[in-house]
Amino acid sequence: DGSVVLGIVRLIRDHCDATAEMSIVVRDAFQGQGVGKALVRHILDVARREGLRAVCAFILPTNTVMQHLCRSCGAELQLVPALDMFRAEFVIEAT
């Protein structure tokens, strides 16, 4: 049908509490065009509708673009030394 996948975002819910982990990938040719931001906003809306209270993502220290994207969408970032990664946490506001 001529459809092209620009990116994929996935939400992995922790059924023990109201949290989830997010992962995202955007096709190289479409990076820097707002696709990642649209996917993050979409998955946060899904999380809100599902009644989650927080979504997190783990980011490599070298992935400064993803760090900036998460911050621009409202995440707080914290370095997790044991993993040598940043943990981005989005607090989900109830509507």
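Our structure's up above, just so we're on the same page.
A quick note: this is a predicted structure, and the numbers were derived from the prediction, not measured.

Caption draft 1: Geometry of the pattern of salt bridges. Applying the stated criterion across every chain yields a total of 4 salt bridges. When the shortest N-O distance is used, the salt bridge between Arg-53 and Asp-17 registers 3.6 Å. One end of the pair, Arg-53, is in the loop between α1 (35-49) and β3 (54-59); the other, Asp-17, is in the loop between β1 (7-14) and β2 (19-26), and 36 residues separate them in sequence. Take Arg-53: its relative accessible area is 46%, and that puts it in the partly exposed class.

Caption draft 2: Layout of the nonpolar core. In this structure, Met-22, Val-40, Val-55, Cys-70, Ala-88 and Phe-90 are the most contacted members of the largest nonpolar core, which totals 25 residues. Looking at this core, the elements with two or more residues in it are β2, α1, β3, α2 (64-72) and β5 (85-91). Residue contributions to this core peak at 7 residues, all from α1. If we skip the residues at most four places from it in the chain, Ala-88 touches Val-55, Cys-56, Ala-57, Ile-59, Cys-70, Ala-75, Glu-76 and Leu-77.

Caption draft 3: Representation of the sheet that holds β5. Read from one edge to the other, the open sheet built from 5 strands follows the order β1-β2-β3-β5-β4, with strand pairing classed as mixed. Strands with a single pairing partner mark the edges of an open sheet, and in this sheet they are β1 and β4 (76-80). The mean inter-strand angle of the sheet, taken between neighbouring strand axes irrespective of direction, is 25 degrees. The sheet contact formed by β3 and β5 spans 6 bridges and is antiparallel. Pairing of Ile-59 across the sheet is with Phe-86, part of β5. In this fold α1 packs onto β1, β2, β3 and β5, with an angle of close to 160 degrees to the strand it touches most, β2.

About the cut-offs
- Residues numbered from 1 in each chain as written.
- Predicted model: local features only at pLDDT ≥ 70, side-chain atom pairs only at ≥ 80, totals over all residues.
- Heavy atoms only, no water.
- Salt bridge = Lys/Arg side-chain N within 4 Å of Asp/Glu carboxyl O.
- Helix = DSSP H or I, 4+ residues; strand = E, 2+ residues; numbered from the N terminus.
- Buried < 20%, exposed > 50% of the residue type's maximum accessible area, 1.4 Å probe, protein only.
- Core = buried A, V, L, I, M, F, W, Y, C linked by side-chain atoms within 4.5 Å.
- Contact = heavy atoms within 4.5 Å.
- Pairing = 2+ DSSP bridges.
- Axes fitted to C-alpha atoms, helices over the stretch in contact; angles between N-to-C directions.

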